[in-house]
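Examination of the molecular architecture
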Amino acid sequence: IPYYDTATKRVRRYFPDFLIKVKTKDGKLKTHLIEVKPTKDLRPPVGGKGKKKSTVLYEMKTYQKNRDKFASARKWGDARNIIFDIWTEKNLRQKG
């Protein structure tokens, strides 16, 4: 999926983790594009005492890059009737 990287001002390519098709109870087929990320990567970074400035800067760049990717993936999916989802450890946790 092409996306505009606002940090580098370049168009890049994004490759989500999974494309799955799910049959609903009414027999319809829904397609989902899935990205798997830890919950901490979905929150804006926070600076604090003892945290290196370079670490915060890296986290800010990564956070913005992910926002750029996800916005493009949603737009791309909407145009193709594909649902874009972000799964975290909460989605992947097994029950039982």
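Everything in this summary refers to the structure shown in the same document. (Residues numbered from 1 in each chain as written. Predicted model: local features only at pLDDT ≥ 70, side-chain atom pairs only at ≥ 80, totals over all residues. Heavy atoms only, no water.)

**A few points about the layout of surface pockets**
One number sums up the size of the largest pocket: a volume of about 260 Å³. As for the largest pocket, its lining consists of 13 residues, and the residues nearest its centre are K40, D41, R43, E59 and T62. (1 Å grid on protein atoms, 1.4 Å probe; cavity = no way out; pocket = protein on both sides within 12 Å on 5 of 7 lines; lining within 4 Å. Points joined across faces, edges and corners; volume = space filled by probe spheres on them.)

**Structural notes on the pairing of strand β5 (residues 82-87)**
On a regular strand, each side chain points to the face opposite its neighbour's, so the side chains alternate between the two faces of the sheet. Pairing geometry for strand β4 (residues 29-36) and β5, over 6 bridges, is parallel. When the bridges of β5 are listed, L33 appears paired with F84. With helix α1 (residues 53-79) bridging β4 and the parallel β5, this β-α-β connection has right-handed handedness. (Pairing = 2+ DSSP bridges. Helix = DSSP H or I, 4+ residues; strand = E, 2+ residues; numbered from the N terminus. Right-handed = clockwise from strand over helix to strand, strands pointing away.)

**Focus: the side chain of N66**
Mapping N66 onto the fold places it in helix α1. Relative accessible area serves as the criterion here: at 5%, N66 is assigned to the buried category. (Buried < 20%, exposed > 50% of the residue type's maximum accessible area, 1.4 Å probe, protein only.)

**A short note on the packing of aromatic side chains**
Taken as a whole, this structure holds 2 aromatic pairs when the rule is applied. Relative to F84, the ring of F70 has its centre 5.8 Å away and its plane inclined at 40°; by these criteria the two rings are tilted. Taken as a pair, F70 in helix α1 and F84 in strand β5 lie far apart in primary sequence, 14 residues in all. The exposure classification of F70 matches that of F84, with both residues buried. Counting every residue linked through ring pairs, the aromatic cluster contains Y14, F70 and F84. (Phe/Tyr/Trp six-rings, centres within 6.5 Å; stacked < 30°, edge-to-face > 60°.)

None of this, on its own, says anything about what the molecule does.
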